[in-house]
Amino acid sequence: MASEDVVGKSTGESAVTTIVNFAEEAKLAREGVKAPGQAILSVCKSLVAGGVAGGVSRTAVAPLERLKILLQVQNPHSIQYNGTIQGLKYIWKSEGFRGLFRGNGTNCARIVPNSAVKFFSYEQASSGILWLYRQQSGNEDAQLTPVLRLGAGACAGIIAMSATYPMDMVRGRITVQTEKSPYQYRGMFHALGTVYREEGFRALYKGWLPSVIGVIPYVGLNFAVYESLKDWLLKSNPYGLVEDSELSVATRLGCGAVAGTIGQTVAYPLDVIRRRMQMVGWKDAASVVTGEGKSKAPMEYSGMIDAFRKTVHHEGFGALYKGLVPNSVKVVPSIAIAFVTYEVVKDVLGVEMRISD
């Protein structure tokens, strides 16, 4: 999305990275200016914390992530995965425990550079947008509005996604291949080299356009829903959730979960199309990938619009939401694990956590 991973855009990037980290780090950055050495060290520690949190949370929900991708691309006339529980059981039975985590190494390997690029891009975009805003408004004390933060977040999401997209592309293929696949990618670097040699450089960016388009509503809705929920809760204080003008970690987590669920649901069709386009040109694709008519051969798409048209024509509108259930199921635990891990690692590294509204 959806933004793996914005929100690491996946998941499109994880939701806590997109929702919590961007929003809170932006506020911290605006509160004061540190010495250059301290600022660089603080950023590095935050990146390490974000990378560890992303890796731990992605690994914890890796089986659901793999099942989601398999459901997105499987042949509708050769169904092997039919629902969340049945799908997980089938993977366990046919491929064993390791099958549940196929492709997770590649996914984790892209999180650190993705987080690094995303944080750096967000800081640069925020600074540039704030400078322009102050110039236009004539107010040197003006601060970023929620809308401007959305713009900075979208820019960061697109840049980070583009920089690490080849890794996401091969992750999709590694995730889809099974023990019975006629050809096996042995790992991320082998997959990158093989795709480059056999299909060319452009193949590494198949599905990039729907990914870029999906980042905008996904990241935008994440920020908008998260900030709006927080503001509403602080003003109305339902059920006494506000204590000392602050929201608890659990309440913020709930806001993030709601924002992540809404954002990924709206952007999900673009994620399905992205995954299907990534399979195009893979001559040794496993028979699980989607086919046309009753064929088990992978379907060919000439572009994003053609992929949408063929998917709806052959499988109906519901095909655009294949895998949504396991994707939704993993949202809350992914956010919870990432959020807790992020704070624990920052504590260990001695990074001061100042969360304010």
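Keep in mind that what you see is a predicted model, and the values were worked out from it rather than measured.

Student: Describe in detail the overall build of the protein chain, supporting the description with residues and values.
Tutor: Of the regular secondary structure elements, the protein chain holds 14 helices and 2 strands. Per-residue burial for the protein chain yields a buried fraction of 53% across its 357 residues. If you sum the accessible surface of the protein chain, you get close to 15500 Å²; carbon and sulfur atoms cover 64% of it.

Student: Hey, could you go over the confidence of the model for the protein chain for me, with residue numbers and the actual values?
Tutor: Residues of the protein chain with pLDDT of at least 70 account for 79%, and the chain-wide mean is 77. Predicted confidence is poor over residues 353-357, with pLDDT under 50, and the contacts of this stretch with residues over four places away or in other chains come to 19 contacts.

Student: Any chance you could break down the packing of aromatic side chains for me, citing the residues and the numbers?
Tutor: Working definition: an aromatic ring pair is given by the centre-to-centre distance plus the angle between the planes. Following the criterion strictly, the structure yields 7 aromatic pairs and no others. Seen from their ring centres, W92 and F97 are 6.0 Å apart, and the 85° between their planes marks the pair as edge-to-face. Grouping aromatic residues by their ring pairs yields a cluster made of W92, F97 and F101.

Student: I'd like a description of the side chain of T311, backed by residues and values.
Tutor: Residue position: T311 is located in helix α12 (residues 304-315). Overall, T311 belongs to the buried group, its relative accessible area being 0%. Leave out the neighbours within four places in its chain, and T311 touches I273, R276, Y301, G316, A319 and L320.

Student: So, helix α4 (residues 84-99): which residues are in play, and what are the values?
Tutor: Helical geometry: 3.6 residues make up each α-helical turn, so side chains three or four residues apart lie on a common side. The end-to-end C-alpha distance of α4 is 15 Å, clearly below the 22 Å that 16 residues give at a rise of 1.5 Å each. Of all bends in α4, the biggest is about 85°, found at K93. For α4, the set of buried residues is T84, G87, I91, E95 and G99. Buried residues along α4 sit against α3 (62-73) and α13 (324-329).

Student: Before we move on, can you summarise α12 with the specific residues and values?
Tutor: Between its terminal C-alpha atoms α12 stretches 16 Å, which fits the 16 Å expected from 12 residues at 1.5 Å a residue. For α12, the complete set of buried residues consists of M304, D306, A307, K310, T311 and E315. On an axial view of α12, the arc spanned by its buried residues comes to 155°, and they lie on one face. Residues I305, R309 and H313 are exposed on α12 and point more than 90 degrees away from its buried face. G316 sits one or two residues past α12 and shows a positive phi near 90°.

Student: So what about the pattern of salt bridges? Which residues, and what values?
Tutor: Counted under the stated rule, the structure contains 17 salt bridges. With a shortest N-O distance of 3.3 Å, D168 and R275 are connected by a salt bridge. Taken together, the residues D168 in helix α8 (residues 165-176) and R275 in helix α11 (residues 249-279) connect sequence positions 107 residues apart. Like R275, D168 is buried. D306 serves as the salt-bridge partner of K310, at 3.4 Å between the closest nitrogen and oxygen. Highlighted residues: K310 and D306, both in helix α12, separated by 4 residues, approximately one helical turn. Comparing K310 with D306 shows no difference in burial state: the two are buried.

Criteria and cut-off values
- Residues numbered from 1 in each chain as written.
- Predicted model: local features only at pLDDT ≥ 70, side-chain atom pairs only at ≥ 80, totals over all residues.
- Heavy atoms only, no water.
- Helix = DSSP H or I, 4+ residues; strand = E, 2+ residues; numbered from the N terminus.
- Buried < 20%, exposed > 50% of the residue type's maximum accessible area, 1.4 Å probe, protein only.
- Areas by Shrake-Rupley, 256 points an atom, 1.4 Å probe, with all protein chains shown as cover.
- pLDDT = per-residue confidence, 0-100.
- Contact = heavy atoms within 4.5 Å.
- Phe/Tyr/Trp six-rings, centres within 6.5 Å; stacked < 30°, edge-to-face > 60°.
- Expected span 1.5 Å × (residues − 1).
- Bend = angle between axes of the 7 residues up to and from the residue.
- Arc of directions from axis to C-beta.
- Salt bridge = Lys/Arg side-chain N within 4 Å of Asp/Glu carboxyl O.

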